[in-house]
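# Structural overview
As a plain string of letters, each chain reads:
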Amino acid sequence: MRPLQGVRVLDLSSVIFGPLASQVLADYGAEVVKIEPPKGDSTRHTGPAAEPGMAAMFLGSNRSKKSVALDLKQPAAQKALQALIGTADVFMHSMRPQKLAGLGLAPEALRARHPRLVYASLLGFLPGPYAGRPAYDDVIQGMSGLADLMDQQSGEARYLPTIAADKTCGHVAAHAILAALWQRERTGQGAFVEVPMFESMVGFNLVEHFYGQHFEPPRSVPGYPRVLAPWRRPYRTSDGLVAMMPYTDLHWQRFFAEVGAPQHASDPRFTDIAARTAHIAELLELASGYVVRQTTAHWLAACERLEIPAAPVARLDELRSDEHLAAIGFFEEVQDPAMGTVRFPGVGVRFDGRRPPVAMPPRLGEHTRALLAEAGLDAPQIQALVDQGAAIVPQPKN
Ligand SMILES: CC(C)(COP(=O)(O)OP(=O)(O)OC[C@H]1O[C@@H](n2cnc3c(N)ncnc32)[C@H](O)[C@@H]1OP(=O)(O)O)[C@@H](O)C(=O)NCCC(=O)NCCSC(=O)C(=O)O
């Protein structure tokens, strides 16, 4: 039994932020029913695809879910959705709030009808001056300070080369929904959860940017070790790179002993963390000068012996053959009748010593008939919805 077994989530969200949140819930055992528009989530058609409508981008954030496709612009489909909402523990969407009322999905109305429902709005912004603006990852990376952090690193404002805001906020949304479910266990009452990308990312970006009691942007704070402009990168070795991180007093004492320069460990600039922080640029310049004299293999062996945290700098494609990931079976192979073997990065979390398994993402509308039937619609009603294009089912293959 998985932790969220028996929890049903109706998920109207699209793109990455919301789908990633509900994928976490699916990984942990919830039954996640994706409610999709007639053409499906846009990620079905974004980037490389082994099968039309099953693009890699879609596979990455929709595993282990079901799909019901409804054209919510049609009142009949809205009515069918209401029947499904009656079966759900969690309702979530990532539409802009101003679009909800027209679909009969405003939080007040649904919560009045279903007092035990956890209603989660995944938003760009909380109510306030920016409310209702459209939000994509680039917009949020730009306005939340992430692009500025990159500027401080490289001298050019850039986005991280991954949809970091979507992914981070997806995880924020998942834990917020879990907290609301836990509250419901105690009170018997549902909840209204609003998860904004902007506010979540501002908080994320500022975690290490408090200086004393006062918030200071890092640019104005000298000696901030984890963000200092040119240093936030792997060390160069004589033949490559190493991600090594001497941090504690002991690490630095061992490091300087190893390079035959133990006197640096008692240099007042480097004896403790406060001193090192104040002289971080000098310290890292000094350390870099020693690291670059030896090979990566040398440093990996030395750091292991000295218990200084260190690792090789992996290329993404090398992760496929990483010894540890292979040993724990991190990548999971799922057999699909049409696509053959599909290899997923699995779930990292273990419950009672076991990692939850993953299952194939659904085809568009794969579960439309079954779930509408379960919600109380009879076969002729469902067929009528399909005939008028209000409910979508997979097309039979010729
Ligand atoms: C992503 C958005 C900018 C997309 O904006 P829009 O395309 O204008 O969509 P909106 O959310 O405003 O409105 C949704 C529209 O879809 C319609 N809609 C929704 N579901 C259905 C179904 N099932 N059937 C028919 N129509 C549907 C709904 O009626 C609205 O139609 P109309 O009334 O006709 O418009 C916005 O949704 C948003 O800011 N969301 C909150 C944050 C978020 O999730 N951002 C994306 C993260 S992913 C990402 O950032 C990234 O990959 O990069």
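Structure shown above.
Rules behind the numbers
Residues numbered from 1 in each chain as written. Predicted model: local features only at pLDDT ≥ 70, side-chain atom pairs only at ≥ 80, totals over all residues. Heavy atoms only, no water. Helix = DSSP H or I, 4+ residues; strand = E, 2+ residues; numbered from the N terminus. Buried < 20%, exposed > 50% of the residue type's maximum accessible area, 1.4 Å probe, protein only. Contact = heavy atoms within 4.5 Å. Areas by Shrake-Rupley, 256 points an atom, 1.4 Å probe, with all protein chains shown as cover. Pairing = 2+ DSSP bridges. Axes fitted to C-alpha atoms, helices over the stretch in contact; angles between N-to-C directions. Parallel < 35°, antiparallel > 145°, perpendicular 65-115°, else oblique. Left-handed = near helix turned anticlockwise from the far one by under 90°. Nonpolar A, V, L, I, M, F, W, Y, C, P; charged D, E, K, R; others polar. Core = buried A, V, L, I, M, F, W, Y, C linked by side-chain atoms within 4.5 Å. Near = heavy atom within 4 Å. Polar contact = N/O pair within 3.5 Å; in protein donor to acceptor, adjacent residues only side chain to side chain. Salt bridge = Lys/Arg side-chain N within 4 Å of Asp/Glu carboxyl O.

## Comments concerning the overall build of the protein chain
Tallying secondary structure elements over the protein chain gives 15 helices and 14 strands in all. In terms of overall dimensions, the protein chain has C-alpha extents of about 85 × 50 × 40 Å along its principal axes. Scored against the burial criterion, the 398 residues of the protein chain give a buried share of 44%. Contacts in the protein chain between residues at least 24 apart in sequence constitute 68% of all its contacts with a sequence separation of at least 6. Just so you have it, the protein chain exposes about 20500 Å², and 57% of that area is on carbon and sulfur atoms.

## Observations regarding the sheet that holds strand S1 (residues 8–11)
Here we have seven strands laid out as an open sheet, ordered S6-S5-S4-S1-S2-S3-S14, and mixed in their pairing. If you trace the sheet from one side to the other, it starts and ends with strand S6 (191–196) and strand S14 (391–392), each paired once. The pairing of strand S2 (residues 31–36) with strand S3 (residues 65–70) spans five bridges and is parallel. Bridge pairing in S3 places Glu36 opposite Ala69. Sitting on the sheet, helix H7 (residues 164–187) is in contact with strand S4 (90–93), strand S5 (118–123) and S6, with an inclination near 165° to S6.

## A short note on the packing of helix H9 (residues 249–258) against helix H12 (residues 296–306)
Here H9 crosses H12 at 130°, and the two axes come no closer than 11 Å. Classed by the angle they form, the pair H9 and H12 counts as oblique. As H9 runs across H12, the sense of the crossing is right-handed. In this structure, H9 contributes Arg254, Phe255 and Glu258 to the contact, and H12 contributes His298, Trp299, Ala302, Arg305 and Leu306. Grouping the amino acids of the contact of H9 with H12 by side-chain chemistry returns four nonpolar, one polar and three charged.

## Focus: the nonpolar core
Ranked by size, the top nonpolar core spans 44 residues in total, and within it Val9, Leu25, Leu59, Met92, Leu122 and Met360 carry the most contacts. Of all the secondary-structure elements, those providing two or more residues to this core are helix H1 (17–27), helix H2 (56–61), S4, S5, H7, S6, helix H8 (197–205) and strand S13 (340–345). No other element matches the nine residues that H7 contributes to this core. Ignoring sequence-local partners within four residues, the contact set of Leu25 consists of Leu4, Val9, Ala30, Val32, Met92, Ala174, Ile177 and Leu178. Counting residues in hydrophobic clusters, the runner-up holds 30 residues, among them Leu72, Ala77, Leu105 and Tyr119.

## A look at the environment of Leu122
Within the secondary structure layout, Leu122 lies in strand S5. For Leu122, a relative accessible area of 1% puts it in the buried group. The spacing of Leu122 and Glu318 is 196 residues in sequence and 34 Å in space, taken between C-alpha atoms. Not counting residues up to four positions away in its chain, the partners in contact with Leu122 are Phe17, Gly18, Ala21, Met92, His93, Ser94, Met95, Ala173 and Val195.

## Some remarks on the site of the ligand
Looking at the ligand, there are 24 residues lining it, with Lys73, Arg96, Ala135, Asp137 and Asp166 nearest. Leu70 has a polar backbone atom sitting 2.9 Å from a nitrogen atom of the ligand. A distance of 2.8 Å separates an oxygen atom of the ligand from a polar atom in the side chain of Lys99. Protein coverage of the free-state accessible area of the ligand, which is 1000 Å², stands at 76%.

## A closer look at the side chain of Ser200
Tracing the backbone through its elements, the reader meets Ser200 in helix H8. Filtering out sequence-adjacent residues up to four positions away, Ser200 remains in contact with Cys169, Val172 and Val195.

## Some thoughts on the pattern of salt bridges
Between side chains of opposite charge, a pair can form as their charged atoms come close. Evaluated as defined, the whole model comprises 17 salt bridges. Of the charged contacts in the structure, one is a salt bridge between Glu374 and Arg8, with a shortest N-O distance of 2.8 Å. Pair noted here: Glu374 is in helix H14 (residues 368–374) and Arg8 is in strand S1, with a separation of 366 residues, a long-range link. Assessed through its relative accessible area of 5%, Arg8 is described here as buried.

## Observations concerning the packing of H7 against H8
Closest axis-to-axis distance for the H7/H8 pair is 10 Å, and the angle between their directions is 100°. One way to sum up the angle between H7 and H8 is to call them roughly perpendicular. Each of Ala164, Ala165, Asp166, Thr168, Cys169 and Val172 in H7 lies in contact with H8, whose residues at this interface are Met197, Ser200, Met201 and Phe204. Across the contact of H7 with H8, the residue classes break down as seven nonpolar, two polar and one charged.

## Thoughts on the side chain of Arg44
Counting through the fold element by element, Arg44 comes out in the loop between S2 and H2. Arg44 gets classed as buried once you look at its relative accessible area, which sits at 2%. For Arg44, the side chain forms a polar contact with the main-chain oxygen of Pro362, separated by 3.0 Å. If we ignore the near neighbours within four places in the chain, the residues touching Arg44 are Glu36, Gly53, Met54, Ala55, Phe58, Ser67, Pro362, Arg363 and Leu364.

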